[in-house]
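# Geometric and topological summary
If you want the building blocks of each chain, they are given just below.
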Amino acid sequence: LQKIIFSHSFIMMPRYDFNSLGGIEMNTDSLHRQLYATDASVYRILPEGVCFPKNKLDIVSLVNFARENKIPLIPRAGGTSLAGQVVGSGLIVDVSKYFNNILDFDAKAKTVTVEPGVVRHDLNAFLAPHQLFFGPNTSTSNRCTIGGMVGNNSSGTTSIKYGVTRDKIQSVECVLHDGSVVLFEAKEMEECFKKGSKSDLEHQIYQFFTEILSDPDHQKSIRTEYPKATVHRRNTGYALDALLNDFTDHKVPMLNLAKLIAGSEGTLGFVTAITLSLDDVPPQESVMVAAHYDSIKKCLRSVAPLMKHPLYTCEMMDKTILDCTKNNSNHAKNRFFLKGDPQGILMLELRAHTSLELNKQLNSLEGTLERMNLSYGHSVLRGKEIDAALNLRSAGLGLLGNIVGDEKAVACIEDTAVPVDQLADYIEDFTVLMGKFHQSPVYYAHAGAGELHLRPMLNLKKNAGVKQFKSITKAVAQLVKKYHGSMSGEHGDGIVRSEYIALMLGKKNHSLLQEVKRLFDPHNLFNPGKIIGPLPMDQNLRYQPERKEPEVNTFMDFSADQGILRAAEKCNGSGDCRKTTTDATICPSYRATKAEKDSTRGRANVLREVLTQGNTSNPFDSQELKAVMDLCIGCKACASECPSNVDVATYKAEFQYQFNKNNAIPMRDRIFAFNFGISKFIHPFRGVQNTLFKTPVLGYIIKSALGIAPQRSMPKLHAPLDRSLVAKKTAGSSQKVYLYLDEFTNYFDISVGRDAYELLVRLGYQVEVLPASESGRAYISKGFLKEAKACADQNIARYKDIVSDKTPLLGIEPSALYTFKDEYLKLASDKKNARKLAKNCFLIEEFIAREITRDHISPNAFTDQSKNLKIHAHCYQKALGNPADTFAMLNLPKNYSVTLLSTGCCGMAGSFGY
Ligand SMILES: Cc1cc2nc3c(=O)[nH]c(=O)nc-3n(C[C@H](O)[C@H](O)[C@H](O)COP(=O)(O)OP(=O)(O)OC[C@H]3O[C@@H](n4cnc5c(N)ncnc54)[C@H](O)[C@@H]3O)c2cc1C
Ligand code: SF4
Ligand code: SF4
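The present account deals with the structure reproduced in this document. Given the structure is predicted, the values throughout are model-derived calculations rather than measurements.

With that settled, the discussion passes to the site of ligand 1. If you check the shell around ligand 1, you find 33 residues, and the closest are Pro75, Ala77, Thr80, Ser81 and Thr140. Between ligand 1 and the protein, one listed contact pairs an oxygen atom with a backbone N or O atom of alanine 77 at 2.7 Å. Relative to its unbound accessible surface of 980 Å², ligand 1 loses 94% to contact with the protein. Considering every element that reaches the shell around ligand 1, the biggest residue donor is helix 5 (residues 146–152), with five residues. Among the residues making up the shell around ligand 1, the classes are represented as ten nonpolar, 20 polar and three charged. The two domains that each donate at least three residues to the shell around ligand 1 are domain 1 (2–94) and domain 2 (102–280).

Pasting the structure below:
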């Protein structure tokens, strides 16, 4: 305990006495401070602590505590903000864990009231049976929350049809700085003053807005300096322009301060409930037209006329994004709709209730494309083709952002919006500007909304990179101002853009915003450093510029990522690993606990922290790292599903190995790691072992003593399978295959091994089985990397001369077989033969699926019995192979009906389930 406290400062003495906050879950240890020091931006600030409120009363207590103790509060939800909105030095208040109930729903009125921590995707899943949905749609919608969307006034591809979050807010309930709870909703001016006395904060707030919005001078400067009215995505500063419209556009002046709270980034008050207006779900019939252009200019010139059609989306991507997917076999199939080599593509979506109506719209759109004569061709996509095209776009963007090394695509000017009819001119100027900074732009735009997403490539570990970061941002702010656009369309100001609000909105408006902030938050308690009184955009960066790069020695080879530190630094905080939708596996431990510490992001962040901030000779000897890695079940989902391929399962193996050097290794870990040797030794006495484990009392005692969950049944130990198979000679065809018997198949799942052998023999293959050997998987999972390397070297030596593309090695247990394809490349001494072997190893399903496509196997070889089969695929197969192979194989018998279940990780593979 002493070691934990003093060597690792795992438990820190808080500077504030949080005890008075009683029941609110509070963490002030260094682990949580590290976990919440970053979001999806380039910034890093260690907070004082993190708390997890459950309800409105908790928020009132927190606000009162903050005021009395002068500690800022940083409201935080999914933490996917790109501009540094949720990093800060106060107390992070995470509403995503508990404060996430749907409070009220009125199908008739089409409204819903939610707590701020409700995830947008979950809300829409709740609304789906009622044919309703919340329209604004971020690309993070499977993990971002309504509170976060309100904070940032988020939108996305649907904004041209359904507007932005601000357009959908009917009311917000807020806790103000004095602890009072107010409901901001649409009110006629007189109504605003009916309640309370003049000294009430709410009253003062209404008084203030009535005065400034009635003032012709203020009206004029708001109208002239804010972005042009046609820019519907506008997120710079506080939305005085939206308030002014309501105030002047109605016969009786109206005020709805909920619209001000939208986009205020948690700087004015703490939101505790939000009422949203809902839309009918979009019509089911849909079509997407992908218009092709030979220049960006032509592409963007056609946007304004095309927007006269009732489009649901109008997105643009350029050749660079498309080219990213060219040499990737997974994505190449989604390029089917491309004609020639376009410089730019517009993806135009139409929807209607009937196919007749849809075709009418389509004809009209095609007519416009022809008349304009700017595109050189177009493809019309329907059904799954649309999904494939959208997948291609996100894959291209993902690959673009997944760059190894210190130069990264940095969010700073990634969110500008200008009037649609000026988009082409703007982008021309933009290109010239980027040229001056030696940047080659990649164009990706929500074109229909005039919004351009572009990130410069910068190395923020260098002073020169940081300097450019600032100069580029300022230059772009000036350009956007020239076009009367918005520096932020949807991502918000945060730390990165707040410095430029005065430039964007003019000094007069900026001093009004300062007054707004003073009125709502005189003690600067709510998320300071954002919007008003900004933190400098080039300080508090995630990486210390010109830092001495720590040298981290690892046992495994991380050279493909330029070392384990840079591998961890690939995590940009996007939060994909916090999604809980059933179309993905990532990240099972987060799904179970909903704790940031159990997410892939949490693990990557803490790994980066200990490797860069620690000062011990073995940085991996860290209780923080142990705490985050403990529940990682090594499922590998992150390796393929995280857009940056942050492969925490591999980092965990390295951590465990290094950690074991300084710490006692539990008996349980040794038993699981060395199970092959143990099984080899004790299988002659397997009868005794199997009986002992089955005996209730004795079994309970033994399992408990070994650190195994006593409720778990143990797998039955068998006589080794290789004994009965190695000697067998099969005649078969000329196609010879090696069947690999791993540590699990040889002693435990022997019936599966025997069936696999039978299947191959009966299909006519010449099957050779060598004596079973360990893959090393069990060692890797417990950090015994030297032993795992010995397995890799031994298996490579054994198979390198006999396994080839003509005589492949077939494996049965995915986690064992994929060790050959994955970890051996990072462990083996003989890398050349490791790569050759990896190429010629297949999971048995993968091999059979390939043989089916080559017409080497036909349905006639199989039964015509009827069967309904459901496949729950192995996580390793999902991450490193393709469950579609199992599906194809099981579909071969004529009357089998097969379903590939949309399941995540069951957690029962490996030793986790014990
Ligand atoms: C890869 C990627 C893609 C993105 N794509 C889009 C996109 O398509 N469209 C888009 O608009 N954005 C996008 N974003 C930005 C981000 O996802 C959105 O702004 C999102 O709505 C933030 O939600 P969150 O739950 O993560 O909130 P957080 O980031 O946790 O918080 C957002 C803001 O809300 C405030 N806040 C949260 N809860 C409260 C509360 N209870 N009271 C007061 N203030 C509160 C916070 O202080 C903060 O200022 C993207 C981000 C990433 C990383
Ligand atoms: S681990 Fe991957 S998915 Fe998770 S936040 Fe980091 S980059 Fe995003
Ligand atoms: S290996 Fe699995 S459990 Fe571990 S971080 Fe990755 S997705 Fe999460």
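Right, let's get into helix 42 (residues 844–853). Most of helix 42 sits inside the fold, with seven of its ten residues counted as buried. Of all the positions in helix 42, only Ile844, Glu845, Phe847, Ile848, Ala849, Glu851 and Ile852 are classed as buried. Here the buried face of helix 42 lies against strand 23 (736–739), helix 36 (750–762), strand 25 (809–811), strand 26 (841–843), helix 43 (875–880) and helix 44 (884–890). The positive-phi residue at the C-terminal boundary of helix 42 is aspartate 855, with phi of around 60°.

Sheet strands pair via backbone hydrogen bonds, and the direction of the pair is either parallel or antiparallel. Taken in spatial order, the four strands make up an open sheet running 1-2-4-3, and their pairing is mixed. The open sheet has two edge strands, strand 1 (25–27) and strand 3 (73–76), and neither has a second partner. The mean angle between the axes of side-by-side strands here comes to 25°, regardless of whether they run parallel or antiparallel. One ladder, built from three bridges, connects strand 1 with strand 2 (residues 49–52); its direction is antiparallel.

Strand 15 (residues 313–318) sits mainly inside the fold: six of its six residues count as buried. Burial along strand 15 is two-sided: Thr313, Glu315 and Met317 and Cys314, Met316 and Asp318, pointing in opposite directions, are all buried. In the sheet, strand 15 pairs with strand 20 (residues 444–446) via two bridges, with the strands oriented antiparallel. Looking at the pairing, methionine 316 lines up with alanine 445 of strand 20.

In this section: the environment of arginine 371. Among the secondary structure elements, arginine 371 is positioned in helix 17 (residues 355–372). Linking arginine 371 and methionine 26, residues 345 residues apart in sequence, is a C-alpha distance of 63 Å.

About the cut-offs
Residues numbered from 1 in each chain as written. Chains lettered and ligands numbered in written order. Predicted model: local features only at pLDDT ≥ 70, side-chain atom pairs only at ≥ 80, totals over all residues. Heavy atoms only, no water. Near = heavy atom within 4 Å. Polar contact = N/O pair within 3.5 Å; in protein donor to acceptor, adjacent residues only side chain to side chain. Areas by Shrake-Rupley, 256 points an atom, 1.4 Å probe, with all protein chains shown as cover. Helix = DSSP H or I, 4+ residues; strand = E, 2+ residues; numbered from the N terminus. Nonpolar A, V, L, I, M, F, W, Y, C, P; charged D, E, K, R; others polar. Domains from an automatic or database assignment. Buried < 20%, exposed > 50% of the residue type's maximum accessible area, 1.4 Å probe, protein only. Contact = heavy atoms within 4.5 Å. Pairing = 2+ DSSP bridges. Axes fitted to C-alpha atoms, helices over the stretch in contact; angles between N-to-C directions.

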